[in-house]
Amino acid sequence: MESVFGSIAQAPEDPILGVTVAFNKDTSPVKLNLGVGAYRTEEGKPLVLNVVKKAEQLLINDPARKKEYLPIVGLADFNKSSAKLILGSDSPAVLENRVATVQCLSGTGSLRVGSEFLARHYHQRVIYVPLPTWGNHLKVSHFGGLEVKSYRYYDPTTRGLNFQGLLEDLNSAPSGAIVLLHACAHNPTGVDPTLTQWEEIRKLMRSKVLLPFFDSAYQGFASGSLDADAQSVRIFVADGGECFVAQSYAKNMGLYGERVGALSIVCKTADVASRVESQLKLVIRPMYSNPPIHGASIVATILKDPDMYHEWTVELKAMADRIISMRKQLFDALTARGTPGDWSHIIKQIGMFTFTGLNAEQVSFMTREYHIYMTSDGRISMAGLSSRKVQDFVL
């Protein structure tokens, strides 16, 4: 008897995760994976932070620790600490209890919960995302019930920000539209607005009553400073307006597989925040009921302890500094080799990823001839490089 699913077509590989699948199948001893969106050491190995190991050991040694269900909104200490981390402990929104924060399944889950909440309770169901953006933004927003449109962001001629196009497109957006913003270290381009440009974006969005939805996946991981990488969000929160913030601890704590994240909705009043939280519970309950406890407990343990928090900031800056160093080494190697073109964008961009400017055909050539793997749009992960592999990459 044939399967009732016999007519189902084979789905294509995810354009990002599929790079690693292809890399793993390659038997070449010189293969190089620059597609993976995870930090690697100079030796090319995954890293578990020492402070994370300490926090886990404390949790294991705690005789009172249980494995009971968390509330629908997650671990309370985690939620409070996460809101303070991104908004600032002295933020009026935090001090006045105007923030509804729920623990979610990393950044992706936070974006999905936020999208479904907006589809149910917000008068506009259109979200504008930068062009380009992380591929999953489109799917998460769409399946969350929102209509997805784009605004200009990256300028391929300068390999920098198309600021004028960005302002024009946001100015043309309908009043009340949702706008997805990368808090820092834009993925995939590594191109961020300056603080002056962020202020212009804020003024335009507030004048048009556009709703900001920040995706903060790299706080502290971009510049090495938690506060510097949160400035874009804090500029919007400081004006008293409302906004959404999705946070992930995958990159900045290396908790990729723990799926730890938070969604914070900054509201006008504490009463509104309380009602927003009540409706977030109704989104979460039929989706995954409640979030897992282990990863959130690690984060809460680190954020609440001053010594552990300090140790984390030191380890976090070391990761950011290594990536910044790889940018300089790659730029220097390309310059020394006399590679045609202007490669200064590599050191101007920030964060884990760099948009090389290579097209799909050139990427395919690099993979086929040299076993170097990256996404088809030419994005490379700087964390996948090392001092030795820079030379292999530049050839």
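Everything discussed here concerns the structure shown above.
What counts, and at which threshold
- Residues numbered from 1 in each chain as written.
- Predicted model: local features only at pLDDT ≥ 70, side-chain atom pairs only at ≥ 80, totals over all residues.
- Heavy atoms only, no water.
- Core = buried A, V, L, I, M, F, W, Y, C linked by side-chain atoms within 4.5 Å.
- Buried < 20%, exposed > 50% of the residue type's maximum accessible area, 1.4 Å probe, protein only.
- Helix = DSSP H or I, 4+ residues; strand = E, 2+ residues; numbered from the N terminus.
- Contact = heavy atoms within 4.5 Å.
- 1 Å grid on protein atoms, 1.4 Å probe; cavity = no way out; pocket = protein on both sides within 12 Å on 5 of 7 lines; lining within 4 Å.
- Points joined across faces, edges and corners; volume = space filled by probe spheres on them.
- Nonpolar A, V, L, I, M, F, W, Y, C, P; charged D, E, K, R; others polar.
- Polar contact = N/O pair within 3.5 Å; in protein donor to acceptor, adjacent residues only side chain to side chain.
- Disulfide = S-S within 2.5 Å.
- Axes fitted to C-alpha atoms, helices over the stretch in contact; angles between N-to-C directions.
- Left-handed = near helix turned anticlockwise from the far one by under 90°.
- Salt bridge = Lys/Arg side-chain N within 4 Å of Asp/Glu carboxyl O.

J.: Explain the nonpolar core to me, using residue names and the numbers behind them.
T.: In terms of nonpolar packing, the biggest core is built from 53 residues, with Tyr 249, Ile 302, Trp 312, Leu 330, Leu 385 and Phe 393 touching the most fellow members. Counting residues per element, the ones that place at least two in this core are helix 2 (50–61), helix 3 (76–87), strand 10 (260–266), helix 11 (294–304), helix 12 (306–337), helix 14 (360–370) and helix 15 (387–394). Looking at this core, the element that brings in the most residues is helix 12, giving nine residues. Non-local contacts of Ile 302, meaning those with residues more than four positions away in its chain, are made with Val 51, Val 52, Ala 55, Met 253, Met 308, Tyr 309 and Trp 312. Listed in part, the 37 residues of the second largest apolar core include Tyr 153, Leu 167, Ile 201 and Cys 243.

J.: Help me get a handle on the layout of surface pockets, residues and values and all.
T.: One simple way to see leftover space: roll a probe sized like a water molecule over the atoms. Considered as a void within the structure, the largest pocket measures approximately 1,000 Å³ in volume. Looking at the largest pocket, it is lined by 41 residues, and the ones nearest its centre are Ile 16, Trp 134, Asn 136, Asn 187 and Arg 379. Listed by contribution, the elements that provide at least two residues to the lining of the largest pocket are helix 1 (17–25), helix 5 (106–121), strand 3 (126–131) and helix 6 (135–143). Broken down by element, the lining of the largest pocket gets its largest block of residues, five residues, from helix 6. A breakdown of the residues in the lining of the largest pocket according to their chemical character gives 18 nonpolar, 16 polar and seven charged.

J.: Can you tell me about the side chain of Asn 33, naming the residues and giving the values?
T.: The residue Asn 33 is located in strand 1 (residues 32–33) in this model. Among the polar contacts made by the side chain of Asn 33, one reaches the side chain of Thr 20 at a distance of 3.4 Å. Only 2.9 Å separates the side chain of Asn 33 from the backbone nitrogen of Gly 35, close enough to count as a polar contact. When near neighbours in sequence (up to four residues on either side) are disregarded, Asn 33 contacts Val 19, Thr 20, Phe 23, Tyr 373 and Gly 384.

J.: Can you tell me about empty space enclosed by the protein, naming the residues and giving the values?
T.: One pass over the full model with this rule turns up one cavity of 30 Å³ or more. What the largest cavity holds in volume is close to 50 Å³. Lining of the largest cavity is provided by Leu 111, Ser 115, Ile 127, His 137, Val 140, Ser 141, Leu 180 and Phe 213. Put simply, the parts of the chain that give the lining of the largest cavity at least two residues each are helix 5 and helix 6. Per-element accounting of the lining of the largest cavity gives the leading share, three residues, to helix 6. Considering only residue class, the lining of the largest cavity consists of five nonpolar, three polar and no charged.

J.: Please set out the side chain of Ser 264 residue by residue, giving values where relevant.
T.: Counting through the fold element by element, Ser 264 comes out in strand 10. A polar contact of 2.8 Å, which involves the side chain of Ser 264, links it to the side chain of Thr 101. Residues within four places of Ser 264 in sequence aside, it is in contact with Ala 83, Val 99, Ala 100, Thr 101, Cys 243, Phe 244, Val 245 and Gln 247.

J.: Can you explain the state of the cysteines? Please cite residues and give values.
T.: By definition, a disulfide is the covalent link that joins the sulfur atoms of two cysteine residues. Using the criterion set out here, one finds zero disulfides in the structure. The closest cysteine sulfur to the non-disulfide-bonded Cys 104 is located on Cys 267, 14 Å from its own sulfur. Free cysteine: Cys 184, not disulfide-bonded; nearest cysteine sulfur from Cys 243 at 15 Å.

J.: Mind laying out the environment of Pro 292, listing which residues take part and the relevant values?
T.: With respect to the secondary-structure elements, Pro 292 resides in the loop between helix 10 (270–288) and helix 11. For Pro 292, a relative accessible area of 38% puts it in the partly exposed group. Each C-alpha atom of the pair Pro 292 and Leu 180 lies 27 Å from the other, and the pair is 112 residues apart in sequence. With residues near it in sequence (within four places) discarded, Pro 292 still touches Leu 70, Gln 103, Leu 105 and Glu 258.

J.: Go over the packing of helix 5 against helix 10, please, and point to the residues and values.
T.: Close contact between helix 5 and helix 10 brings their axes to 10 Å; oriented N to C, the two are set at 120°. Crossing angle aside, the handedness with which helix 5 passes helix 10 is right-handed. Facing helix 5, whose interface residues are Arg 112, Val 113, Glu 116, Phe 117, Arg 120 and His 121, helix 10 presents Val 276, Gln 279, Leu 280, Leu 282, Val 283, Ile 284, Met 287 and Tyr 288. Class assignment of the residues belonging to the contact of helix 5 with helix 10 gives a composition of nine nonpolar, two polar and three charged.

J.: Describe unusual backbone geometry, with residues and values.
T.: The linkage connecting Leu 131 with the following residue, Pro 132, adopts the cis geometry, with an omega of 5°. Here the bond from Asn 187 into Pro 188 is cis, since omega is 25°, no more than 30 degrees from zero. Tracing the backbone shows Pro 188 in the loop between strand 7 (178–182) and helix 8 (195–207). Positive phi values are uncommon outside glycine, yet Val 209 reaches one of about 55°. Along the chain, the position of Val 209 falls in the loop between helix 8 and strand 8 (211–216).

J.: Tell me about the pattern of salt bridges, and name the residues and values.
T.: Where charged atoms from two side chains of opposite charge approach closely, those side chains can pair. Taken as a whole and judged by the stated rule, the model has 17 salt bridges. One salt bridge in this structure joins Glu 311 and Lys 54, with 3.0 Å as the shortest N-O distance. With a gap of 257 residues between them, Glu 311 in helix 12 and Lys 54 in helix 2 connect regions that are remote in the sequence. Looking at Lys 54, the relative accessible area reads 44%, which means it is partly exposed. A salt bridge links Arg 234 to Asp 227; its shortest N-O distance comes to 3.0 Å.

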